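Architecture and fold: a report
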Amino acid sequence: MSQINISTLQRCANGQQLLRQAGKISRRENLWLTLTGALQTATTIAVTGLIALLINSAVYTEALTTPVLWQHSGSWLLLAALLTVRALLPLWQTRLADSASVRVRNRLRAIVLEHCATLQLSLEQPFSHAELSNLLSGEIDSTRDYFAEFLPQQRLAMLAPLMIIIACLWSGWLVPLLLALTAPLVPLFMIIVGHKAAAASQRNLTELTRLGNLLSDRIKGICALQLADSCDAEQQHLFRQSEQFRHSTMQVLRLAFLSGTLLEFFSAISIALVAVYLGLLYLDKYQIGMWQEQFSLSHGVFLLMLAPEFYLPLRRLGALYHARADTSSVATHLLRLIQLPPPCAVTNDDQSQPDNAPVRQISLQQLQTGYGSTAIAPPHNFTLLPGQRILLKGPSGAGKSTLLDTLAGLQPALSGTLLLNGVSIAVYNNRRWQQRIGYMTQQPELLFDTVRNNLCLGREFTDAELFTALQQASADTLVAELPGQLDYRISDSGGFLSGGQAQRIALARVFLHQPALLLLDEPTANLDQQTAQQFMASLKRFCATGGIVLLSSHRDSADQFDQVIALQPLTSAEVSHA
Amino acid sequence: MPELLKRYFQLLWQQRGMATLGLLLATITALAGIALLAVSGWFISATALAGLSLAAAHGFNYFAPGAIVRGLSIARTFGRYGERLTTHEATFRVISHLRSEMFATLAKHNWQEQPLNSHEASSRLLDDIRHAESLYLSALVPGLVMLLSALLYLATVMLFLPELGLWLLLPLLISVAVLPTLYLRQVLQPQNTLHQQRSQQWSDAHSLFSNLRTLILFDRLTPQSDKLCQSAAIADQTEQQASNARQRVQALNQLVQASMILLVLWQGIEGFASGRLEGTLLLMLLLLTLGLQEVLTTGSSALAAFALGYRALERIGQLSPVHPQPDQRQFIEPGNPAIRIDIDHLSYRYPNRQQATIDHLNTRLQGPYWYWLTNPSGRGKTTLMQLLAGQLQPQQGQITCSGAGIKQIGMMPQQISLLQGSLRFNLCLHQHYSDAELWQVLKTVELDQWASQLPRQLDSWLGKGSHQPSGGEMKRLGLARLILQDRRILLLDEPTAGIDAERSVRILQRLRQQWHNRLVVISSHECGLIGEDDVELRL
């Protein structure tokens, strides 16, 4: 079994190619699915043949030998057995198809997550959180029909008609020839009509999604519309949009349904042709297309019953076309994500720093921050000492958050060096360094999980320790009032945590883990004055134990800090000592 | 019957011409398909038997059956095409009304107590809307076609071979009634479980991507990824089980159909042997059965589709309460130039909380003053705002407004929602304002520069993938909306969070001029912005 890895998928030129590669993940199941599909067709052929012989023996042939076929109980048992096999085979096929699609989807998820782990923060620019969450929890799931049904059916649509043509050769050559001649016409017409229809239905699908999105968007923003007294107007607007959509869709569908109708046409006309041809043959109007000069009813029954079976796999495939259209848009998203280049990491071999050497000094020398290759602010030059509280000041866009990201080792520096206790250290992706960092982001980061898990994050603490940290962040009463207290699950439907409350819990987490360097991005933006003062006091206590606090804000006054670093987007950073 | 379902059928009744035509064409198509097989079967058996004797072969009129066969194949082809077009047309016509009316149903409800913005609630709603929309197309049409075809089939069989008809009664009943019911169970039961598990998966994914920094620093990226994979695997498993269960019902269906084939063959041959059935009709009856089976297979999921649609409409209907809470605010003397709000013994407790968030509040707010709510978070600032705006209804107490009508209270919520659409749409929200008015307002909130940088200025598309305003810009957009709405009582929930202090001061300065004779209530943490004449209000 081959294991498709990320580099194979990254080389894909487009979404279709990616889907082909991804389909190879379930190669073994696909093989089995093809085999069972072939077996299914073989059973159908056998059932048809047996029925033809039974009818023939009962109605057509003179009873020369007794008993004739239909009087043998064996033939009935065989027919029952074949029919049972044909009825039960799909059970196995579904099982196979489902496990194939699960395997493909699992692998795709793993590949995406693996790549996300290398991309880290570079993910944030091109993708929003919602897009990523939707990709991994909705879009990849929605490819089920494609991998479970479309892919296997695609092969069967080739194989099954071929088997039926071969089976028909038992009787004569004209009917198989007829089928064989229409067979290439079907894909040909599918290409002519289908390509247009596929493009049209793709467009239609986009329209439908857009309309669905419009409705969901308006439902999400229903409050704004209610406040503006505009719900009635919006209702009319939605109606007009829907009507517009109806007109455009029906235009598209008139074309799109043609391809399905075409298959229907071939299927119906082939039955009619075979029936008329056979009828005239029996009436001795002509002698053409059969191996024997005299042939029995069984041949006629056999050919007539197989004719519709010839087009059945193609018709099934046509019905699954939507799965393909849905999946190719998912594939485009996937490809865009996995082809994102990981950040160019600075070599990371300098881990000579002892694990827990106390921090005596952190110096930045011409440290240039930025995203990708774009510098975001002038290079930084300053020194941080234990016990210091430092304020990072500057207008939005001056690179405050980027500097904090860089210091936390989350973002590679473009150039310059960072010295820890006078020795140069590469902090980017440096696990040992990152373990000593406490970081609170502008939007407090909280998992949809219990308060306890949010605080501990995989490390062990007692409840007393947790409450001490919560108290430091003045969040102890808040947590005590929650149902279930530390076991309260934070979720997007709770409504229990306001922005300020979430921030205090995130702050408690920072205090709990006692970092050497504490980075805070706009921590007081959502805090009321009283809490903000308590908060500054607790920072002071934290620094008294030797910690360093670097806090970014565009508001706090400088007098509570030991050092103020003012960032300007264009001019050089100024350092002043308070 | 749920109100919306009744409404659905009303809408369908309005489109009865198209809907009936669709149903008719669907039936014709199905019957033509079955008849095509049957007549072809009869034709070749008849010719084959006639061919045995030269005289019979010579006298056989093959023109009529040939023409019928060709006619049926054409009827089937064009019937299918017409059926698809008409059923879709009818569906879309109903959907247009249904969509907008479902929106109206939702708009009647206040979403403050039970938030709609959670992923689970909104994805459920969208799922439901989809199911509701396909009620006619995937439930009514295939279901009715199945019933009708089965009845006609039975009648035909009875005509030629009554004994066989009796034999087929049971398997037909199972195919038409029992199996669809079984199928329905297999679909409905796991649907809820799967929905919950997929929601869990979404929230794990969301946890992962919105906590990147924390997870990297704590080296928790891998465990969280594993957790996501695990919850995806659980949901996949449920999906697999459900699909297996459905397939089991389908297999049962196939077995019943196999038994029908055996019955027809056995009874047919017996009938022929005993002279009750002509030999030419044996193949016809068999092919009739095969033709019907295609229709039965398509129809077996109709009941499940109906149940899904029914439940969906029921759930959407339940979202809006049967007895909507009446607005308890009182409005007196709307023409009075002096604006006043009297709050008497006001109490409010959230349904899922034990303590009241607002407990017997008594206060009086008077224009033209600005009132500042500066309490610590979690003490009910937002709740009071929503009570004043009528978004929540108190359990006790009374709010009386004088000098302003019900349409004169405007609010800027804490969370400003951006709607998909142009900047103009996001400002106007379906009301009409001139370009000059819009630019004036943008200038007041200092968004004019930002807006003039947009590629198509006021007509630029905002939102995901194009121009996503930052947090501070969103707040200012919310302010701009409120200014345009021009209300006499203005409620502002955290209007300056995320806006630079200097800019906040400048914007508030302008607002003070603009709103000099109105009543303004602001909840904010930023005490530095409180003006000299303003009143600080503590809850």
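Residues numbered from 1 in each chain as written. Chains lettered and ligands numbered in written order. Predicted model: local features only at pLDDT ≥ 70, side-chain atom pairs only at ≥ 80, totals over all residues. Heavy atoms only, no water.

1. Brief notes about the overall build of chain A
- Within chain A one finds 18 helices and 12 strands.
- Taking the intrachain contacts of chain A between residues at least 6 apart in sequence as the baseline, contacts between residues at least 24 apart amount to 77%.
- Of the roughly 24100 Å² of accessible surface on chain A, a fraction of 57% belongs to carbon and sulfur atoms. (Helix = DSSP H or I, 4+ residues; strand = E, 2+ residues; numbered from the N terminus. Contact = heavy atoms within 4.5 Å. Areas by Shrake-Rupley, 256 points an atom, 1.4 Å probe, with all protein chains shown as cover.)

2. Comments concerning empty space enclosed by the protein
- This model, assessed by the stated rule, comprises five cavities of 30 Å³ or more.
- For the largest cavity, the calculated volume is near 120 Å³.
- Lining the largest cavity are 16 residues, and of these A:Gly438, A:Tyr439, A:Arg509, A:Val510 and B:Phe218 lie nearest its centre.
- Looking at the lining of the largest cavity, the elements that each hand over two or more residues are strand E8 (437-440) and helix H17 (499-512) of chain A.
- Counting residues per element, the lining of the largest cavity draws most heavily on E8(A), which supplies four residues. (1 Å grid on protein atoms, 1.4 Å probe; cavity = no way out; pocket = protein on both sides within 12 Å on 5 of 7 lines; lining within 4 Å. Points joined across faces, edges and corners; volume = space filled by probe spheres on them.)

3. Let's talk about the interface of chain A and chain B
- Taken together, the contacts link 137 residues of chain A with 137 residues of chain B.
- Taking both partners together, chain A and chain B bury about 12600 Å²; carbon and sulfur atoms supply 65% of that area.
- Scanning the region where chain A abuts chain B turns up 11 salt bridges.
- When the shortest N-O distance is used, the salt bridge between B:Arg80 and A:Glu264 registers 3.3 Å.
- With 32 residues, helix H9 (residues 231-282) of chain A is the largest single contributor of residues to the side of chain A that touches chain B.
- Split into classes, the residues belonging to the side of chain A that touches chain B amount to 67 nonpolar, 38 polar and 32 charged. (Buried area = accessible area lost by both parts, 1.4 Å probe. Salt bridge = Lys/Arg side-chain N within 4 Å of Asp/Glu carboxyl O. Nonpolar A, V, L, I, M, F, W, Y, C, P; charged D, E, K, R; others polar.)

4. Description of the sheet that holds strand E1 (residues 330-332) of chain B
Residue and element names in this part refer to chain B.
- In spatial order, the strands read E1-E5-E2-E3; together these four strands make up an open sheet with mixed pairing. Edge positions in the open sheet fall to E1 and strand E3 (358-366), since each of these has one partner strand only. Across the sheet, the mean angle separating the axes of adjacent strands is 15 degrees when strand polarity is ignored.
- The pairing of E1 with strand E5 (residues 396-402) spans three bridges and is parallel. Residue pairing in the sheet places Phe331 in a bridge with Cys401 of E5. (Pairing = 2+ DSSP bridges. Axes fitted to C-alpha atoms, helices over the stretch in contact; angles between N-to-C directions.)

5. Observations regarding the packing of aromatic side chains
- This model, assessed by the stated rule, comprises 13 aromatic pairs over all chains.
- Taken together, a centroid distance of 5.4 Å and an interplanar angle of 15 degrees make the contact between A:Tyr146 and A:Phe150 stacked. Here the residue A:Tyr146 and the residue A:Phe150 both occupy positions in helix H6 (residues 144-168), the gap between them amounting to four residues, near one helical turn. For the pair A:Tyr146 and A:Phe150, one class covers both residues: buried.
- An angle of 85 degrees between the planes, with centres 4.9 Å apart, marks the rings of A:Phe310 and A:Tyr311 as edge-to-face.
- Since its relative accessible area comes to 1%, A:Phe310 is described here as buried.
- Put simply, the rings of A:Phe265, A:Phe266, A:Phe310 and A:Tyr311 pair up and form one aromatic cluster.
- Positioned over the ring face of B:Trp13 is B:Arg16, at 4.6 Å from the centre of the ring.
- In this arrangement the basic side chain of B:Arg512 is found over the ring face of B:Trp370, its NZ or CZ atom lying 4.5 Å from the centre. (Phe/Tyr/Trp six-rings, centres within 6.5 Å; stacked < 30°, edge-to-face > 60°. Buried < 20%, exposed > 50% of the residue type's maximum accessible area, 1.4 Å probe, protein only. Lys NZ or Arg CZ within 6 Å of the ring centre and 35° of its normal.)

6. Remarks on the sheet that holds strand E11 (residues 535-537) of chain B
All names here are of chain B.
- Across the sheet, which stays open at both edges, the five strands sit in the order E6-E9-E10-E4-E11 with parallel pairing between neighbours. Two strands in the sheet have a free side with no partner beyond their single neighbour: strand E6 (409-412) and E11. Shown here is a sheet whose adjacent strand axes are inclined to one another by a mean of 20 degrees, direction ignored.
- By the bridge criterion, five bridges tie strand E9 (residues 489-493) to strand E10 (residues 519-523) in an arrangement that is parallel. Across the sheet, the residue bridging to Leu491 is Val521, located in E10.
- The strands touched by helix H12 (residues 381-388) are strand E4 (370-373), E6, E9 and E10; relative to E9, the strand with the most contacts, the crossing angle is about 150 degrees.

7. Here's the deal with unusual backbone geometry
Residues and elements named next belong to chain B.
- The residue Asp486 is not glycine, and still its phi comes out positive at about 55 degrees.
- Unlike most non-glycine residues, Glu494 shows phi in positive territory, near 50 degrees.
- Structurally, Glu494 is set in the loop between E9 and helix H17 (501-514).
- Residue Glu494 is classed as buried on the basis of its relative accessible area of 7%.

8. Comments concerning the packing of helix H5 (residues 129-139) of chain A against helix H11 (residues 321-338) of chain A
All names here are of chain A.
- Where H5 meets H11, the closest approach of the two axes is 11 Å, and the angle between their N-to-C directions is 130 degrees. Relative to H11, the element H5 is oriented oblique. Read as a crossing pair, H5 and H11 show a hand that is left-handed. Counting all contacts with H5, which are made through Glu131, Leu132, Leu135 and Glu139, the residues of H11 involved are Val330, His333, Leu334, Arg336 and Leu337.
- Here the residues of the contact of H5 with H11 are counted per class, giving five nonpolar, one polar and three charged. (Parallel < 35°, antiparallel > 145°, perpendicular 65-115°, else oblique. Left-handed = near helix turned anticlockwise from the far one by under 90°.)

9. Brief notes about the side chain of A:Arg218
- Summarising the element assignment, A:Arg218 is placed in helix H7 (residues 174-220).
- Taking relative accessible area as the criterion, A:Arg218 reaches 2% and is therefore assigned buried.
- There is a polar contact of 2.8 Å between the side chain of A:Arg218 and the backbone oxygen of B:Gln420.
- In this structure A:Arg218 touches A:Leu225, A:Glu234, A:His237, B:Phe103, B:Leu419, B:Gln420 and B:Phe425, once residues within four positions along its chain are discounted. (Polar contact = N/O pair within 3.5 Å; in protein donor to acceptor, adjacent residues only side chain to side chain.)

10. Describing the pattern of salt bridges
- Tallied over the full model, the rule gives 38 salt bridges over all chains.
- Here A:Arg105 ties to B:Glu239 by a salt bridge, and the two come within 2.9 Å at their closest N and O atoms. Pair noted here: A:Arg105 is in helix H4 (residues 73-119) and B:Glu239 is in helix H9 (residues 221-273), and the two residues belong to different chains. By the burial criterion, A:Arg105 is buried, and B:Glu239 matches it.
- The partner of B:Glu446 in a salt bridge is B:Arg503, and the shortest N-O contact between them spans 2.9 Å. Of the two residues, B:Glu446 sits in the loop between helix H14 (435-444) and helix H15 (448-453) while B:Arg503 sits in helix H17, which places them 57 residues apart along the sequence.

11. Here's the deal with the pairing of E9(B)
Residue and element names in this part refer to chain B.
- In terms of residue burial, E9 counts as a mostly covered element, since five of its five residues are buried.
- Here E9 shows two buried faces, one formed by Ile489, Leu491 and Asp493 and the other by Leu490 and Leu492.
- By the bridge criterion, four bridges tie E6 to E9 in an arrangement that is parallel. Counted as the bridge partner of Met411 is Leu491 from E9.
- For the segment spanning E9, H17 and E10, crossover handedness is right-handed. (Right-handed = clockwise from strand over helix to strand, strands pointing away.)

12. Some details on a nonpolar patch on the surface
Residues and elements named next belong to chain A.
- A cluster of nonpolar side chains, namely Leu162, Ile166, Leu169, Trp173, Leu177, Leu181, Ile288 and Trp291, defines an oily patch on the protein surface of about 790 Å² accessible area.
- Looking at the nonpolar patch, the elements with two or more residues in it are H6 and H7.
- By the secondary structure assignment, Ile166 is in helix H6. (Patch = residues over 30% accessible without salt bridge, like charges linked within 9 Å, V, L, I, M, F, W, Y side chains within 5 Å.)

13. Thoughts on a positive patch on the surface
- A cluster of basic residues, A:Arg20, A:Lys24, A:Arg27 and A:Arg155, forms a positive patch on the protein surface.
- Judged by its relative accessible area of 55%, A:Arg20 falls in the exposed class. (Lys, Arg positive; Asp, Glu negative; His and termini not counted. Charge placed at Lys NZ, Arg CZ, Asp CG, Glu CD.)

14. Remarks on the nonpolar core
- Grouped together as the largest cluster of nonpolar side chains are 122 residues, with contacts concentrated most on A:Ile51, A:Ile55, B:Tyr153 and B:Leu286.
- Per element, the largest residue contribution to this core is 13 residues, and it comes from H9(A).
- Sequence-distant contacts of B:Tyr153, that is, excluding residues within four places in its chain, are made with B:Leu168, B:Leu172, B:Met260, B:Val264, B:Leu288, B:Thr289 and B:Leu292. (Core = buried A, V, L, I, M, F, W, Y, C linked by side-chain atoms within 4.5 Å.)

15. Quick word on the domain arrangement of chain B
- Domains assigned within chain B are domain 1 (3-107 + 122-319) and domain 2 (330-537).
- For domain 1 of chain B and domain 2 of chain B, the distance between their C-alpha centres works out to 53 Å. (Domains from an automatic or database assignment.)

16. Overview of the pairing of strand E5 (residues 389-393) of chain A
All names here are of chain A.
- In terms of burial, E5 is a largely internal element, four of the five residues being buried.
- Here E5 runs beside strand E10 (residues 548-553); their pairing, made up of five bridges, is parallel. Within E10, the position partnered with Ile390 by the bridge is Leu550.
- Strand direction decides the pairing type here: E5 and strand E11 (residues 563-566), joined by four bridges, are parallel. Opposite Leu391, over in E11, you have Val564 as the bridge partner.

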